[in-house]
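# An overview of the molecular structure
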Amino acid sequence: MQKSSVDIRSLQIGFGGLKVLENLDLHVGESEFLVLLGPSGCGKSTLLNAIAGLIDVKGGEIHIGGRDVTWAEPKDRGIAMVFQSYALYPRMSVRRNMSFGLKVAGTPQSEIERRVGEAAQMLRLTSLLERRPSELSGGQRQRVAIGRALVRHAGVYLFDEPLSNLDAQLRAELRVEIKRLHARLGATMIYVTHDQIEALTLADRIAVMQGGVIQQLDTPKKIYREPVNRFVASFVGSPAMNFIPGRLARGGEMVFVAGVNRLGLNGYVFRSQPTDAPVVLGIRPEHIEMTGADDQSSVPARVEMVEPMGADTLIWCRLADGTAFSFRRDADAQVRAGDALAVRFPADALSLFDEASGQRL
Amino acid sequence: MTAVAQLLPASRRPKRMTPARWGLYAFIFITALYFLLPLYVMIVTSLKPMAEIRQGNLLALPAAPSIDAWVKAWTSACTGLTCQGIKIGFFNSLRILVPSVGISILIGSLTGYALSLWRLPGANILFGAMMVVAFIPYQVFIYPLVRVFSFTGLGQSLLTIVIIHTIFGLPTMTLLFRNYFASLPVELFKAARVDGAGFYQIYALIMMPMATPMIVVAVILQTTGIWNDFILGLIFAGRDNLPMTVQLNNIVNSTQGERAYNVDMAATLLTALLPLVVYFGSGRWFVRGIAAGAVKG
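Residues numbered from 1 in each chain as written. Chains lettered and ligands numbered in written order. Predicted model: local features only at pLDDT ≥ 70, side-chain atom pairs only at ≥ 80, totals over all residues.

At the junction of the two partners, chain B supplies 14 residues and chain A supplies 17 residues. Of all the secondary structure elements, the ones that give two or more residues to the side of chain B that touches chain A are helix H8 (186-194) and helix H9 (199-210) of chain B. For the side of chain B that touches chain A, the element with the most residues is H8(B), which contributes 6 residues. Split by residue class, the side of chain B that touches chain A holds 8 nonpolar, 2 polar and 4 charged. (Contact = placed C-beta atoms within 7 Å. Helix = DSSP H or I, 4+ residues; strand = E, 2+ residues; numbered from the N terminus. Nonpolar A, V, L, I, M, F, W, Y, C, P; charged D, E, K, R; others polar.)

What follows concerns the confidence of the model for chain A. Per-residue pLDDT for chain A has a mean of 91; in total, 100% of the residues score no lower than 70. Within chain A, no element has a lower average pLDDT than strand E13 (residues 261-264) of chain A, which sits at 83, and none a higher one than strand E3 (residues 33-37) of chain A, at 96. (pLDDT = per-residue confidence, 0-100.)

Now for the sheet that holds strand E18 (residues 324-330) of chain A. Residue and element names in this part refer to chain A. Taking strand neighbours across the sheet as the criterion, the 5 strands line up as E15-E19-E16-E17-E18 in an open arrangement whose pairing is antiparallel. Because the sheet does not close on itself, it has two edges, and the strands there are strand E15 (289-291) and E18. Between one strand axis and the next, the sheet turns by 50 degrees as a mean value, whatever way the strands run. (Pairing = 2+ DSSP bridges. Axes fitted to C-alpha atoms, helices over the stretch in contact; angles between N-to-C directions.)

Attention now goes to the sheet that holds strand E14 (residues 279-283) of chain A. Residue and element names in this part refer to chain A. Pairing is antiparallel across the open sheet formed by 5 strands, whose spatial order is E13-E12-E11-E14-E20. At either margin of the open sheet sits one strand with a lone partner, and together these are E13 and strand E20 (351-354). On average, adjacent strands in this sheet sit at an angle of 40 degrees to one another, irrespective of strand direction. The sheet contact formed by strand E11 (residues 242-251) and strand E12 (residues 253-258) spans 5 bridges and is antiparallel. Its bridge partner being in E12, Ala-249 is matched across the sheet by Val-255.

Here you go:
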């Protein structure tokens, strides 16, 4: 099976006067699993449709497998695609759905049967081959749609929110199945979703998009640990990152000051020269530590509410000056509303953003 | 705290027959009577001999029902100079109907498909123009079309009337299929394109098999419309291909001496038979067709 890279150079897409994408560059390597993540309307589906050749571009180039396919027909791009609404042909059996593309391309019957059989076995569809799509459950339909993509032996597989129509349990199951498929085939995959869990679990690299612009393109770990701006920081991660406004002060070491609270920043790696401008401190709920009251770097807080979430517990607190934040403890944490406790914000787990621009400092 | 049990009267199922309901039923009944009475009179008159009709008991059932008038209307009533009954007209209408319905649906569905899914430049303007034309009365087109067909040498012929019906049916058929295809998930079309199917393959292999309900509706609309046409058939079909409606008019209006009411009635019922069968056989589909946005049938 061939594996293609995808190269997008200063791509522009617009509808009428509306610019959806402007000068977008993106490189997807062979066998890479890239996730386009963002809220609805951020242009991620538009980008995927442009790669598939289903919408016309206004400018720029798209290369797949080293070939310029900017103006090629979808079928000539060496791609296969899976859609959110499954898009199975309702009047055809599962077998005919999967073989339709090969038949249209004039593939010999024996080869069609071999590929359909192979894909059906991989996706556990063998017993369903003679059924109509209307006789299948949602999860089965999406497996058929994936199968229909697989038989094309494409260089790039495109997924347009394939799990969004399924219920939570099926979504988790199929997510694992897609990940297994990628490991087994080693195919290049581009996957669009607004679900950050899907993005974090599946991707080799994530491109977080907003307003038609890729905000950050990096590994899931980097995206999660070192978001480049406040949008990425707040969009990725659940429960959400805590944000505390304040400013920086230099007193031997750099210090973050929010009201009466001071936080030493020894260990934080600055990207740019710190200034006096107002900043926002971000910290993920699981990075806040509970300490004894005698710890020098700790601050006192009062518990407002406790949210048990099964495997762990989310604890909502306020500092003395009223600043609210939440942090995570394991399920058996003995904490009740009204308790007083001391917490520590480790400097190496922090993110600092410029308040005006939202960029990471 | 003490709970006070308050005994309220149990709620009752509301009375089915309110006065408003009675009024509604009375209205429906009278309306039905208004339409059914003429039909009744036609049927009983067609089954009576002339002697019985002359007595003037319009509503009376026939003393001895006979289908003589029906046989005469079908085989030997005079339509102008020839006296071969209305069957000539029936077969003429059939020969006009079948190709006209087939071709207009084929072209209409194809244009509707192209306009809804392929988003060609100017598609909306084209469709808008088509809709505007659909609301211009036929009469405006008749004289220019007569000139066009005489200029091209087609004149009056079976081919001419089929072309005419196809043209006049096109806006309705296009609208019907465009709206239907536009209501399908567009991802289906995208999936077919990624699968490599071309314009006609998507149309024939994916879209038309899904459009069965719309095809049924289109057949009903076109069949009743073309069968009931009078003026286009009279002008464009030519002397040898006059449709049944024109022949019926000739029978009813060209009688010499005593008017054969029973034959007229039988001939009229025979002419109305096909639309009647279509209406009764497909009531549900027909309503669906009207609801689907076809305004001009």
